Amino acid sequence: GGSSCPSCPIPVPRLVENLTGMATADPISKFKARAPPTHSSYSVDLESPWNPDDGILEEFEIDLELAAKFYTEQACCGLLMAPYCWPVVPLVYTCLRDNSTDQVWGLWLAVSKENVYVVRRRRKSCLRCYCCDVGEIRKIIPVANVQDVMITGPAGTAVCCFVPNVLH
């Protein structure tokens, strides 16, 4: 089975089992839509992006709430570091929070026998206008191209010691 770092939102995958064929399943039937975020609005499609043709063996979940909170705090601290931005912080906070939520809830990771899949769903950005949308990105990495994998746990802080680093 897989394990995870106690302070890291991304579980340590059981990649070796999946790639050597030890894991078995009818994979597509077990992948379900994500529950909507509880703390903000969202614009991303929460349905699983996997097709039967992808041959997905396992999908890897991220601690969505923790990651969204981290990205929101990081963006807000970045604004607060520039005094000329202070007047707009109350106006753009909701956009920053919702953009961070879309960024995280729209990220999907999975592995098949041949490939590692990374999907970023279409999402709102900037001031959340249609003209600022970011299109879907689907990256397929052949397993044969994966050589050295090192998992580093989070440590320290981001944005000048103000936001604890919970992601790596």
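Calculation notes
Residues numbered from 1 in each chain as written. Predicted model: local features only at pLDDT ≥ 70, side-chain atom pairs only at ≥ 80, totals over all residues. Heavy atoms only, no water. Salt bridge = Lys/Arg side-chain N within 4 Å of Asp/Glu carboxyl O. Helix = DSSP H or I, 4+ residues; strand = E, 2+ residues; numbered from the N terminus. Phe/Tyr/Trp six-rings, centres within 6.5 Å; stacked < 30°, edge-to-face > 60°. Lys NZ or Arg CZ within 6 Å of the ring centre and 35° of its normal. Buried < 20%, exposed > 50% of the residue type's maximum accessible area, 1.4 Å probe, protein only. Pairing = 2+ DSSP bridges. Axes fitted to C-alpha atoms, helices over the stretch in contact; angles between N-to-C directions. Patch = residues over 30% accessible without salt bridge, like charges linked within 9 Å, V, L, I, M, F, W, Y side chains within 5 Å. Areas by Shrake-Rupley, 256 points an atom, 1.4 Å probe, with all protein chains shown as cover. pLDDT = per-residue confidence, 0-100. Contact = heavy atoms within 4.5 Å.

Attention now goes to the pattern of salt bridges. Tallied over the entire structure, the rule returns nine salt bridges. In this structure, lysine 69 engages glutamate 73 in a salt bridge whose closest nitrogen and oxygen atoms are separated by 3.0 Å. With lysine 69 and glutamate 73 both in helix H3 (residues 64-80), this residue pair falls four residues apart, about one helical turn. Its salt-bridge partner being arginine 122, residue aspartate 133 comes within 3.0 Å of it at the nearest N-O pair. Of this pair, aspartate 133 sits in the loop between strand S3 (115-120) and strand S4 (137-142) while arginine 122 sits in the loop between S3 and S4, and the two are 11 residues apart along the sequence.

Enumeration according to the criterion identifies two aromatic pairs in this entry. On the numbers, 5.4 Å between centres and 70° between planes, the contact of phenylalanine 70 with tyrosine 71 is edge-to-face. Its guanidinium or amino end placed over the ring of tryptophan 108, arginine 34 lies 3.8 Å from that ring's centre, counting from NZ or CZ.

What follows covers the pairing of S3. Going residue by residue along S3, you find Asn115, Tyr117 and Val119 tucked away on one face and Val116, Val118 and Arg120 left uncovered on the opposite face. Judged from the five bridges that link them, strand S2 (residues 107-112) and S3 form a sheet pairing that is antiparallel. What sits directly across from leucine 107, in S3, is arginine 120. What sits between the antiparallel neighbours S2 and S3 is a turn of two residues. The pairing of S3 with S4 spans six bridges and is antiparallel.

Further remarks concern the sheet that holds strand S1 (residues 56-60). With respect to topology, four strands assemble into an open sheet ordered S1-S2-S3-S4, the strand pairing being antiparallel. Each edge of the open sheet carries a strand with a single partner, namely S1 and S4. Put simply, the sheet's adjacent strands are angled 20° from each other on average, direction ignored. As defined by bridge partners, S1 adjoins S2 across four bridges and the pair is classed as antiparallel. Residue glutamate 59 lies in a different strand from S2, and its bridge partner there is alanine 110.

Where nonpolar side chains cluster on the molecular surface, the patch consists of Val146, Val149 and Ile151 and spans about 260 Å² of accessible area. Assignment of secondary structure puts valine 149 in the loop between S4 and strand S5 (157-158).

Moving on to unusual backbone geometry. Even without glycine at this site, cysteine 126 takes up a positive phi of about 55°. With respect to the helices and strands, cysteine 126 occurs in the loop between S3 and S4. For arginine 128, which is not glycine, the phi dihedral falls at a positive 65°.

With that settled, the discussion passes to the confidence of the model for the protein chain. Here the protein chain averages 82 in pLDDT, while 82% of its residues score no lower than 70. A low-confidence stretch, residues 1-8 (pLDDT under 50), is modelled with 14 contacts involving residues beyond four sequence positions or located in other chains. Low pLDDT, under 50, characterises residues 10-20; the stretch is placed with 30 contacts to residues that sit more than four places away or in other chains.

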